[in-house]
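# Coordinate analysis (summary)
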Amino acid sequence: MEPLFGAVLGLIVAVASPAHNNCTCATNKWAVCAQDSSGICTCRLQGSDHPVDCSTLTSKCFLMKAEMIPRKEKRLWRPPHALSDSDGIYNPDCEDSGMFKARQCNESSTCWCVNSAGVRRTEKGDRSLNCSELVRTRWIYIEVTHQRRSSAFHVPDVAKALTQLFESRYKLNPKYISAIKYDPPLIQIRLNQNEKPRWDVDIADAAYYFEKDVNNDSVFHPSSKLTVSVKGDALAIEKLWISYVDEKPPEFCMRQLAAGISAVVTVIVLTAGVGIAVLLTLRWLHTRKYKKFESKEMGEIKTPRSE
């Protein structure tokens, strides 16, 4: 009985500390890890006291904050590309749970409201801006293209491979993958998460990890590289686009629409004004020419009578 108990205890320690001589966090390369006197490996976020659960993904808010902390051994970060999130990387304010705070501000006191994915959803303002709630991102649309092939993959095989990827690498429950469509070389992935139980991975976190993987700036430990294969053939991803749909419409859309309508109306009015001016000018020239021609004819008629 004692040998069995010792084996179980050793297994628990091994799970808590993946390698006695290599205390690292497999799911967050920016985590700072250390072993205590008993050999247990514990990890915390760089520059903060937040503990990191290395058995799952770190929240996007905490990751973005870690990226903003300069470190000599870390290469310079680059903003994400091809996203509707035009503001890119910023230093976010996070709740203790890892969620974004509804209002975000930069060092110049410019503030804006964000959704649960940290993407700006309002016009920018000053610190008097009120963001009453953190609006949840319910859908995330991911589009990728792969390298050209002599023959396309089969649609069911692509869907199966990507579902397994998000489930195994990004810990995302497959029920949140609502659709995968394939029109070579374009692949569309739709994530849908109306509500998120505390124990489930957020679709925004999974999408962010996937984005970093595709952009060759993986959050995972350097030894874990992204590899996607379909029936044994490599799926080489070239380009990526991500867009977010919230449960409430963005608040700056109507302002932009109003500005666009105003611009269109102005162009129409100016065009109509120019057109009317041209018509009046042509009419005046035509009338003037007609009067000259009429005067000339009257002169020719009067000349024979005088003779």
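My aim in this report is to walk through the structure given alongside it, one point at a time. All of these numbers come straight from a predicted model, not from anything done at the bench.

## A word on the packing of aromatic side chains
- Summed over all chains, the structure comprises six aromatic pairs.
- Centroid distance Phe 166 to Tyr 170: 5.2 Å. Interplanar angle 55°. Geometry classified as tilted.
- With a relative accessible area of 0%, Tyr 170 lands in the buried category.
- An aromatic cluster of at least three residues, connected via ring pairs, comprises Phe 166, Tyr 170, Tyr 209, Phe 210 and Phe 220.

## A short note on helix α3 (residues 155–168)
- When the terminal C-alpha atoms of α3 are compared, their 20 Å separation across 14 residues agrees well with the 20 Å that a helix rising 1.5 Å per residue should span.
- Those residues of α3 not exposed but buried are Val 158, Ala 161, Leu 162, Leu 165 and Phe 166. Across the axial projection of α3, the buried residues extend over an arc of 130°, all falling on one side. Projecting away from the buried face of α3 at angles above 90 degrees are the exposed residues Pro 156, Lys 160 and Ser 168.
- Along its buried surface, α3 packs onto β5 (137–146), β6 (177–183), β7 (186–192), α4 (203–214) and β8 (229–230).

## Regarding helix α2 (residues 60–67)
- Counting buried positions over the eight residues of α2 gives seven, a clear majority of the element.
- Looking at the buried positions of α2, the neighbouring elements they touch are β2 (41–45), α4 and β10 (237–246).

## Structural notes on a nonpolar patch on the surface
- Residues Val 274, Val 278, Leu 279 and Leu 282 make up a contiguous nonpolar surface patch of roughly 390 Å² in combined accessible area.
- Within the secondary structure layout, Val 278 lies in helix α5 (residues 253–306).
- Given the relative accessible area of 44%, Val 278 is considered partly exposed.

Criteria and cut-off values
- Residues numbered from 1 in each chain as written.
- Predicted model: local features only at pLDDT ≥ 70, side-chain atom pairs only at ≥ 80, totals over all residues.
- Heavy atoms only, no water.
- Phe/Tyr/Trp six-rings, centres within 6.5 Å; stacked < 30°, edge-to-face > 60°.
- Buried < 20%, exposed > 50% of the residue type's maximum accessible area, 1.4 Å probe, protein only.
- Helix = DSSP H or I, 4+ residues; strand = E, 2+ residues; numbered from the N terminus.
- Expected span 1.5 Å × (residues − 1).
- Arc of directions from axis to C-beta.
- Contact = heavy atoms within 4.5 Å.
- Patch = residues over 30% accessible without salt bridge, like charges linked within 9 Å, V, L, I, M, F, W, Y side chains within 5 Å.
- Areas by Shrake-Rupley, 256 points an atom, 1.4 Å probe, with all protein chains shown as cover.
- Salt bridge = Lys/Arg side-chain N within 4 Å of Asp/Glu carboxyl O.

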